[in-house]
Each structure stands twice: as C-alpha cells, then as structure tokens.
Amino acid sequence: MSNPFFSRSAAFNGRGPAAPAQTVTPNGYPTMPGYQPGHGRTGGQQPGYGQAPAAYGQSSYGQAPPAYGQAGPQSVSPQQLSQLEAQYGAPSATNVDRGRMTYDDVIIRTAGIFAMILVVGALSWNLVSNPDTMALGYPVMIGGAIGALVLGLVNSFKREPSPVLIMLYALFEGAMLGAISGVMELLYPGIVVQAVLATLATFTVMLCAYKFAGFRVTGRAARILVVAMGGYLLFSVVNFLLMVTGVVDDPWGLRGVEIMGIPLGLIIGALAVAMASFSLAMDFEAIQRGVERGLPTKYAWAGAFGLVVTIVWLYVEFLRILAILRDN
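Residues numbered from 1 in each chain as written. Predicted model: local features only at pLDDT ≥ 70, side-chain atom pairs only at ≥ 80, totals over all residues. Heavy atoms only, no water.

Q: Explanation requested: the pattern of salt bridges in the structure shown.
A: Between side chains of opposite charge, pairing is possible as soon as their charged atoms come close. The tally for this structure, following the rule as stated, stands at four salt bridges. Close ionic contact of D105 with R109 constitutes a salt bridge, the shortest N to O distance being 3.8 Å. Of this pair, D105 and R109 both sit in helix α4 (residues 103-129), separated by four residues, roughly a single helical turn. The partner of E160 in a salt bridge is K298, and the shortest N-O contact between them spans 2.8 Å. (Salt bridge = Lys/Arg side-chain N within 4 Å of Asp/Glu carboxyl O. Helix = DSSP H or I, 4+ residues; strand = E, 2+ residues; numbered from the N terminus.)

What follows is the structure in structure tokens.
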C-alpha cells in the first residue's frame, strides 16, 4: 500500500497482538480489585461439573464463617455500595474514554495535515505566480519534493508515529504541490480544479465501494499491487534522473514516448491511478483494523498520514494526465 507503516506494523496488519489489556469489564465498566474475566463478583470460581460444593459451615472461599461480632470477608460498606451502584449505572465506556483510536481521530488529523499542505501550498503558489519571485519557484519545488520524499520514507518506516515529523512532511509536501500546481495552472488554465475534482470523485467512489459494496484488496492481489507500486516508484525515479541530467529532452521524459500514437505517460498514468485507488481501499482496511483492535489514539496519526500520501499521489497523477492530454 502507499504507506508501508501499515504493512510493517503488527498493530495494523493483524499479525501482532491486540491492544494492551484493558482495565474495564467486557461491557465497558471499570474493574474492581480481584476481578478476573469469567469469575463471579466475589472473585471465586464456581465449582466445576462433578465437584462437590463447599461443605456445610464453610464459605465459598473454603474458610470457616466469621465469629460472632466480627465482619465477614465480603462485607461492603454503604459508601462502597454507592460507588458500585454508580459505576454499574454509568454508560458503557467508549474508545474515547479508554484512550483508543477512533475514526473521528483519523478524520481530524487528516484534516489538520491537509490544512498545513493548503496553507504552505498557497504561499508556494503565489511565489511562482508572481513575476518578481518566479525564479524562486523551481528551488522551492525541488526542495519541497526532496524534503517530502525523505520525510515520507522516514514516517513510513517508523515503528511509532511522530506528529512533528508528519507535520513537517506536510510542510514540504505543501511547498512542492503549491509550486507544481501554480506552474501547471499558468500553462493550462483550469487544470488544478479538474485534478482536484477527479481526485475527490475517485476517493468518494472508493470509499463507497469499500463501505457499501465490500470491496477489498487482499491475498495475491494485494501482493501484486505492492510489487507493481515498487516498480512504478523505480520507473519514476529513473525518469526523473533522465530528465534532470538531460539524457531525455522531452518535457515528460520517458512518459513522452508514444506507443501506437498514445503517449506512454497516459498508459502509465492510468495504471498509476488504478494502483492509487486500490491503495485507498487497503488504507481504509488498515484504519478499520486499527480501530477494531483498540489501538492507542496516537496511531490515528499513522492512519491520517497513509491517507494523505495516497490522496496526494492520486492528485499528482491526475494533474500529469490532464497536462499530457492538453499537449496532444
């Protein structure tokens, strides 16, 4: 998938242990001292089949009854009874009460990351759109791309999500996207709005397919997708190096090569959009698994990061496809 954190993390991939033992009963009530799942309120076990009950004159603990005037081991004060009644009368604890990851946590953090990208992207866009500062646009674009790539890899392979590093990634990503979008909009007016709408439409379709149609990418299909994504990443890096070094003089590099009159960029772009769309389904499943397993709230940052990486990838692919279509 687009975020290797999901596939490497035992918490998300379903191959590791579940969340740490909770200090609540299965119904969400706080546990009392001596509580053990499946045991009675007094902490003792019920006699098994074929075993005799406690002898006459003995308590359920196997001890003699207390002497006259002495308090028994199970005596409860009125204050404790009132506390127990309040606890059992309270509503069941939710994931928020337990400090567990929720879908709202992922949505809020995803919105925060995109807010950073949009703010920095707007500044970068204005930089390349202003004739006085246009010369700075290319260094900002390259610096943002390098920073986003490095921090993207660091965040993807970290065992524990780091909100600071994720927001730094959003800063560099915003610088790169703003510069690229500004240049593309100058060359092809209206292209950014088209790319954004295509991205939102694809995201909505995949979310509905996952939620209502049960669409999943699992087993061999998931492994093939991961291999294909690795090959596409290698192609993109090689193509970028060929363009930077001047080995290929086409503005789109190897993507400008035509096969039976069709630019290679359109063919590869369509495959990349399909891979990014399937990756969204895998991200949705990883996030759902994290919520169901009761992961700590901090892992919502990992879920948000994975979604942002995939959505940005989808947007860039649509932007490139539309630009190639405008050139032909």
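Now that the structure has been shown, the text picks up again.
Q: I'm lost on the nonpolar core in this one. Help?
A: Nonpolar side chains in soluble globular proteins generally cluster together in the buried interior. Within the largest apolar cluster, 57 residues are counted, with the highest numbers of intra-cluster contacts made by M101 and I113. At the level of secondary structure, the elements contributing two or more residues to this core comprise α4, α5 (137-157), α6 (163-187), α7 (191-212), α8 (219-245), α9 (264-292) and α10 (300-327). Sort the elements by how many residues they give to this core and α10 lands first, with 17 residues. (Core = buried A, V, L, I, M, F, W, Y, C linked by side-chain atoms within 4.5 Å. Buried < 20%, exposed > 50% of the residue type's maximum accessible area, 1.4 Å probe, protein only.)

Q: Would you explain the packing of aromatic side chains in this entry?
A: Any aromatic ring pair is given by two values, namely how distant the centres are and how the planes are angled relative to each other. Considering all chains together, one arrives at five aromatic pairs under this definition. Between Y169 and F305 the ring centres are 5.2 Å apart and the planes differ by 75°, which places this aromatic pair in the edge-to-face class. You can see Y169 sitting in helix α6 and its partner F305 sitting in helix α10, a full 136 residues away along the chain. You'll find Y169 and F305 in the same group, each marked buried. What links up through ring pairs into an aromatic cluster is the set F203, Y210 and F284. The positively charged end of R216 is found above the aromatic ring belonging to Y210, 3.6 Å away from the centroid. (Phe/Tyr/Trp six-rings, centres within 6.5 Å; stacked < 30°, edge-to-face > 60°. Lys NZ or Arg CZ within 6 Å of the ring centre and 35° of its normal.)

Q: How do you make sense of α5 when you look at a structure like this?
A: Within an α-helix, residues lying three or four positions from one another point in the same direction, as the helix has 3.6 residues per turn. If you check α5, its first and last C-alpha atoms are 30 Å apart, about what 21 residues at 1.5 Å a residue would give, namely 30 Å. Restricting attention to buried positions, one finds in α5 the residues G137, M141, G144, G147, A148, L151, G152, N155 and S156. All buried residues of α5 lie within an arc of 150° about the axis, which places them on one face of the element. Exposed residues lying more than 90 degrees from the buried face of α5 are Y138 and I146. (Expected span 1.5 Å × (residues − 1). Arc of directions from axis to C-beta.)

Q: Quick question: what am I supposed to make of a nonpolar patch on the surface here?
A: Side chains of L233, V237, F240, L241 and V244 sit close together on the surface and give an oily, nonpolar patch of about 460 Å² of accessible area. Relative to the helices and strands, L241 is located in helix α8. By relative accessible area, which is 48% here, L241 ends up partly exposed. (Patch = residues over 30% accessible without salt bridge, like charges linked within 9 Å, V, L, I, M, F, W, Y side chains within 5 Å. Areas by Shrake-Rupley, 256 points an atom, 1.4 Å probe, with all protein chains shown as cover.)

Q: Explain the environment of A195 to me, please; I cannot follow it from the model alone.
A: Mapped onto the elements of the fold, A195 is located in helix α7. Residues in contact with A195, not counting those within four places in the same chain, are Y315, F318, L319 and L322. (Contact = heavy atoms within 4.5 Å.)

Q: In this structure, what is going on with the environment of R109? I would like to understand it.
A: Sequence separation of R109 and M167 is 58 residues, and the distance between their C-alpha atoms is 10.0 Å. Apart from residues lying up to four places away in sequence, R109 is in contact with T297, A300, W301 and A304.

Q: Would you mind going over the side chain of R100 with me for this structure?
A: By the secondary structure assignment, R100 is in the loop between α3 (78-89) and α4. It turns out R100 is buried and unbridged, and the closest side chain with the opposite charge, D105, is 10 Å from it. Side-chain polar atoms of R100 contact the backbone oxygen of G294, separated by 3.5 Å. (Lys, Arg positive; Asp, Glu negative; His and termini not counted. Polar contact = N/O pair within 3.5 Å; in protein donor to acceptor, adjacent residues only side chain to side chain.)

Q: What exactly am I supposed to notice about unusual backbone geometry here?
A: For residues besides glycine, phi is generally negative; the peptide bonds are generally trans as well. Backbone geometry places M260, a non-glycine residue, at a positive phi of 55°. For M260, the position within the fold is in the loop between β1 (258-259) and β2 (262-263). Judged by relative accessible area, M260 falls into the exposed class, the value being 81%.

Q: Quick question: what am I supposed to make of the packing of α6 against α10 here?
A: A pair of packed helices can be characterised by two numbers: the angle between their axes and the separation between those axes. Packing of α6 against α10 brings their axes to within 12 Å, and their N-to-C directions diverge by 10°. It follows that α6 is roughly parallel to α10 by the angle criterion. Packed against α6, whose contacting residues are P163, I166, M167, Y169, E173, L177, I180, S181 and M184, the element α10 presents W301, F305, V308, V309, V312, Y315, V316, L319 and A323 at the interface. Class assignment of the residues belonging to the contact of α6 with α10 gives a composition of 16 nonpolar, one polar and one charged. (Axes fitted to C-alpha atoms, helices over the stretch in contact; angles between N-to-C directions. Parallel < 35°, antiparallel > 145°, perpendicular 65-115°, else oblique. Nonpolar A, V, L, I, M, F, W, Y, C, P; charged D, E, K, R; others polar.)

Q: What exactly am I supposed to notice about the confidence of the model for the protein chain here?
A: Note: predicted coordinates in regions of low pLDDT should not be interpreted at a detailed level. Model confidence for the protein chain is summarised by a mean pLDDT of 81, while 72% of its residues fall at 70 or above. Per-element averaging of pLDDT across the protein chain places helix α1 (residues 4-8) at the bottom with 57 and α7 at the top with 96. Across residues 40-49, confidence stays below pLDDT 50; counting only partners more than four residues off in sequence or on other chains, it has seven contacts. (pLDDT = per-residue confidence, 0-100.)

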